[in-house]
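Listed below are the residues making up each chain.
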Amino acid sequence: MIVRQVAWDDPEATALRGAQRAEMELRYGTPDSEPGPAPTAADITVFFVAYSDDGEPAGCGGLRQLSDTEAEIKRMYVAPHHRGSVVSTGILDALETFGRERAWLRLVLETGDAQPDAIRFYEREGFTRIPNFGHYVDSALSICFEKSLFGSDPADDALCEGCQ
C-alpha cells in the first residue's frame, strides 16, 4: 500500500468521497447527514488517497485546519473490501505526520452513532472522546474525538531548553 497526497478534485479522491457519502446515506437514511458544512477544495488543507499494491484506490482522508494548532479529520473512508487491512492506519498516519510537520498540537474529528466501526478504530488509535464541538454541538448523532500529536506542548518544551 502507498498513500499519496492528491488534489481535492482528483478523480479517484472524488470517487472515494462519493462512495463514503453513499454509505452514510444508507447508514443514516438521509443524503445529508452531515451536521456542519461539507468540506470543499477551499477549506481542506490536505487530502490523501491510499492505493493497494495493485494500484487500486482503497481509501482516503483529509484535514481541515481549524486554527494555528489544530485540524479536523474529514472524509476518512476505506472501501469495504479493504477494511481490516493497513489502509485505515496508513491514511491516519499520513494525516498525523502532516499535522506534526506543521507543529499542530491536536487533531479532532466527528463521527456518528451509526458508525461503531469508526468509533472502535479511533479509540484503538489513541483518540479520546470529547464534548461535541463547533457545528456538532447540537447534533444528537455526533460523537467527537481528539488526539494530541505531541506528548507535550512543543512551546512548553522550548521554554525549558536544557532542563533536566
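See the structure shown above.
Notes on the structure in this doc start here. (Residues numbered from 1 in each chain as written. Predicted model: local features only at pLDDT ≥ 70, side-chain atom pairs only at ≥ 80, totals over all residues. Heavy atoms only, no water.)

Topic: the pattern of salt bridges
Here's step 1: Per the stated rule, a full pass over the model turns up 14 salt bridges.
Here's step 2: Across the pair Asp-43 and Arg-64 runs a salt bridge, and its minimum N-O distance is 3.0 Å. Placement of the pair is Asp-43 in the loop between α1 (11-28) and β2 (46-51) and Arg-64 in strand β3 (residues 57-65), with a sequence separation of 21 residues.
Here's step 3: Between Arg-106 and Glu-146 there is a salt bridge, and its shortest N-O distance comes to 2.2 Å. (Salt bridge = Lys/Arg side-chain N within 4 Å of Asp/Glu carboxyl O. Helix = DSSP H or I, 4+ residues; strand = E, 2+ residues; numbered from the N terminus.)

Regarding the packing of aromatic side chains
Here's step 1: A full pass over the atoms with the stated rule returns 7 aromatic pairs.
Here's step 2: Residues Phe-48 and Phe-98 carry aromatic rings whose centres are separated by 6.3 Å and whose planes lie at 75 degrees to one another, so their mutual orientation is edge-to-face. Linking Phe-48 in strand β2 with Phe-98 in helix α2 (residues 87-101), this pair joins segments that are 50 residues apart in sequence.
Here's step 3: On the basis of relative accessibility, which here comes to 8%, the residue Phe-48 falls in the buried class.
Here's step 4: Take Phe-98: its relative accessible area is 8%, and that puts it in the buried class.
Here's step 5: Ring geometry for Phe-133 versus Tyr-136: centroids 5.2 Å apart, planes at 85 degrees, classification edge-to-face. Judged on exposure class, the residue Phe-133 and its partner Tyr-136 are both buried. (Phe/Tyr/Trp six-rings, centres within 6.5 Å; stacked < 30°, edge-to-face > 60°. Buried < 20%, exposed > 50% of the residue type's maximum accessible area, 1.4 Å probe, protein only.)

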